[in-house]
Amino acid sequence: MADTEGPPVIKLGLDDAMAGLVLSTEAHWNQTEEDWRVFLREGVVFGIRTGVLLVATAALLPYSGNNAWISMVLVTASHRRRGLATRLVDACLETARKNGLTSWLDATPDGVAVYGPLGFTPTLQLRRLKLTRPTRAEGPPSSSGSIDALRARDRRATGLDRTALLSAFARRSGSRVVSANGAIALVRDGRTARHIGPLYADNAAAALALVQAIARSETGPLLLDAVAPQDAFLEGLTASGWTIERPFQRMRFGPATAVAEEMPFAVAGPEFG
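Here, residues in each chain are numbered from 1, in the same order as that chain's written sequence. Reporting in this predicted model follows two pLDDT cut-offs: at least 70 for local features of residues, and 80 or more for side-chain atom pairs to be given and counted; totals over whole chains, interfaces and linings ignore these cut-offs and use all residues. Side-chain measures were taken over the full set of non-hydrogen atoms in the model, leaving aside hydrogen atoms and water.

Asker: Pulling in residues and values, what's your account of the overall build of the protein chain?
Answerer: Strands are runs of DSSP state E lasting at least two residues, helices are runs of H or I lasting at least four, and both sets are numbered from the N terminus onward. Looking only at helices and strands, the protein chain has eight helices and 12 strands in total. For a compact globule of 273 residues, the expected C-alpha radius of gyration is about 19 Å, and the protein chain comes in at 18 Å, within 12% of that figure. Considering only C-alpha atoms, the protein chain reaches an extent of 55 × 35 × 30 Å along its principal axes. Counting all 273 residues of the protein chain, 52% fall into the buried class. Working rule for contacts: check all heavy atoms of both residues, and any pair within 4.5 Å makes them a contact. A fraction of 72% describes how many contacts in the protein chain between residues 6 or more apart in sequence connect residues 24 or more apart. Accessible surface, the protein chain as shown: approximately 12000 Å² in total, 52% of it carbon and sulfur. Only C-alpha atoms enter the radius of gyration; for comparison, a globular chain is expected to reach 2.2 Å times N to the power 0.38, where N is the number of residues. Throughout this description, buried means an accessible area under 20% of the type-specific maximum (1.4 Å probe, protein chains only), exposed means over 50%, and partly exposed covers the range between. In these tables, accessible area is a Shrake-Rupley quantity obtained with a 1.4 Å probe, and a residue counts as shielded only by the protein chains included in the view.

Asker: Pulling in residues and values, what's your account of the pattern of salt bridges?
Answerer: Salt bridges are defined as contacts in which a side-chain nitrogen from Lys or Arg sits within 4 Å of a carboxyl oxygen from Asp or Glu. Enumeration according to the criterion identifies 18 salt bridges in this entry. Measuring nitrogen to oxygen at the nearest pair gives 2.9 Å for the salt bridge that ties R172 to D35. Separated by 137 residues along the polypeptide, R172 in the loop between α6 (163-171) and β7 (176-180) and D35 in helix α2 (residues 33-42) bring together distant segments of the chain. Grouping residues by exposure puts R172 and D35 together as buried. Across the pair R41 and E42 runs a salt bridge whose closest N-O atoms are separated by 3.5 Å. According to the relative accessible area criterion, R41 is partly exposed, its value standing at 42%.

Asker: Describe in detail unusual backbone geometry, supporting the description with residues and values.
Answerer: G197 connects to P198 through a cis peptide bond whose omega is 5°. Residue position: P198 is located in strand β9 (residues 194-200). Of note in the backbone geometry, M72 takes a positive phi value of approximately 55° without being a glycine. With respect to the helices and strands, the residue M72 is situated in strand β4 (residues 67-75).

Asker: Could you give me a rundown of helix α7 (residues 204-216), with the residues and numbers involved?
Answerer: Counting along an α-helix, one turn takes 3.6 residues, and residues three or four places apart therefore face a common direction. Take the residue count of a helix, subtract one, and multiply by 1.5 Å to get its expected span. Taking 1.5 Å per residue as the helical rise, α7 with its 13 residues ought to reach 18 Å, and the 18 Å between its terminal C-alpha atoms agrees with that figure. Regarding α7, the residues found buried are A204, A206, A207, L208, L210, V211, A213, I214 and A215. Among the structural elements, β6 (121-131), β7, β8 (183-188), β9, β10 (222-227) and α8 (231-239) are those in contact with the buried residues of α7. In protein, a polar contact requires one atom able to donate a hydrogen and another able to accept it; more generally it is a pair of N or O atoms within 3.5 Å, and residues adjacent in sequence count only if both atoms are side-chain atoms. Where α7 begins, the side chain of N203 points an oxygen toward the backbone nitrogen of A205, at a separation of 3.3 Å.

Asker: Got a sec to walk through the side chain of R252? Specific residues and values, please.
Answerer: Here R252 lies in strand β11 (residues 243-253). Look at R252: it is buried, it has no salt bridge, and the nearest opposite charge is D106 at 12 Å. Within the local environment of R252, its side chain forms a polar contact with the backbone oxygen of G254, the two atoms lying 2.9 Å apart. Only four residue types enter the tally: Lys and Arg on the positive side, Asp and Glu on the negative side; His and the chain ends are excluded.

Asker: An account of the packing of aromatic side chains is requested, with residue identities and associated values reported.
Answerer: The geometry of two aromatic rings is summed up by the distance between their centres and the angle between their planes. Note on aromatic contacts: the rings of Phe and Tyr and the six-membered ring of Trp form a pair at centre separations within 6.5 Å, being stacked when their planes are under 30 degrees apart, edge-to-face when over 60 apart, and tilted otherwise. By the definition in use, this model includes five aromatic pairs. An angle of 5° between the planes, with centres 6.3 Å apart, marks the rings of W69 and W104 as stacked. One end of the pair, W69, is in strand β4; the other, W104, is in strand β5 (residues 102-107), with 35 residues separating them in the sequence. Since its relative accessible area comes to 12%, W104 is described here as buried. Members of the aromatic cluster, each reached through a chain of ring pairs, are Y63, W69 and W104. For a ring to carry a charge above it, either NZ of a lysine or CZ of an arginine must fall within 6 Å of the ring centroid while also lying within 35 degrees of the normal to the ring plane. Above the ring of W104, the side-chain terminus of R252 is found at 5.8 Å from the ring centroid.

Asker: Can you break down the environment of A207 residue by residue, with the values?
Answerer: Structurally, the position occupied by A207 is in helix α7. A207 sits in the buried class, given a relative accessible area of 0%. Taking C-alpha positions, A207 is 17 Å from I244, a pair spaced 37 residues apart along the chain. Every residue in contact with A207, bar those within four places of it in the chain, is listed here: A183, L199, A201, F233 and F265.

Asker: Describe the packing of helix α5 (residues 147-158) against α6, naming the residues involved and giving the relevant values.
Answerer: Helix-helix packing: each pair is described by the crossing angle between the helix axes and the interaxial distance. Orientation is described by axes fitted as lines to C-alpha atoms, over the contacting stretch for helices, and by angles from 0 to 180 degrees between their N-to-C directions. Where α5 meets α6, the axes come as close as 10 Å, and the angle between the chain directions of the two elements is 140°. As the angle between them shows, α5 and α6 are arranged oblique. Classified by chirality, the crossing of α6 by α5 is right-handed. Residue-level inspection shows I147, R151 and D154 of α5 in contact with α6, the latter providing T163, L166, S167 and A170. Tallied by class, residues from the contact of α5 with α6 come to three nonpolar, two polar and two charged. Note that the term roughly parallel is reserved for angles under 35 degrees, roughly antiparallel for angles over 145, roughly perpendicular for angles of 65 to 115, and oblique for everything else. Working rule for handedness: look at the near helix, and if it is turned counterclockwise from the far one by less than a right angle, call the crossing left-handed; if clockwise, right-handed. Nonpolar residues are Ala, Val, Leu, Ile, Met, Phe, Trp, Tyr, Cys and Pro. Charged residues are Asp, Glu, Lys and Arg, and all others, Gly as well, are polar.

Put into structure tokens, the structure is as follows:
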């Protein structure tokens, strides 16, 4: 879709991280300023301004194997229903097409109605869960996990090489990789809650045990984006106090290029990419 009317679509730079954070905070998303810097530094972020005010964004983050992730699709409340999100997603898709990339994204129910007509097809269903009750910290889980082990498990599960992104998140202050009994997960800071994911395990019991160990070592709220087909895992989470906030739908534009060898129990989060 060509930009035939309205303010132009522009490329944003690192200096726009705080302006992007204002948009995601307005939407009650969990991104931090550093999350924005990852997308601005490693990918391409498109935006629309009215005057000096940034009112809409969308980001494209390239992965290995001719894949890319679309995220940070945001429009400030006063400028919604003007087609801005569609224009920005189209700019991401055009960039992906020029580079021969298959595009992926995680969509809210409202987003599915927008992305479906653009040519996206649904793949994996996700559920955002939250644990809000405060816990008494008992120290970290007994085993610290290896970032190399997490990257290897992530690649088997997704078919994508996300070494740079996972390493960047794992190196942050407050991040940790934990593992036990064949399960491994990344725990990292967010703006309003700590996020668990990605999470891989040999079975639901091991996945639940690791989540419970993490929860016992944390004092604040936790978020987790569970894979809906993992029924036993989801049921175990809700039985232990986690509440489902909303569904998400993973969608793909273009041919399938990644072959998954196993299904994750939780993904890194829609705003993670």
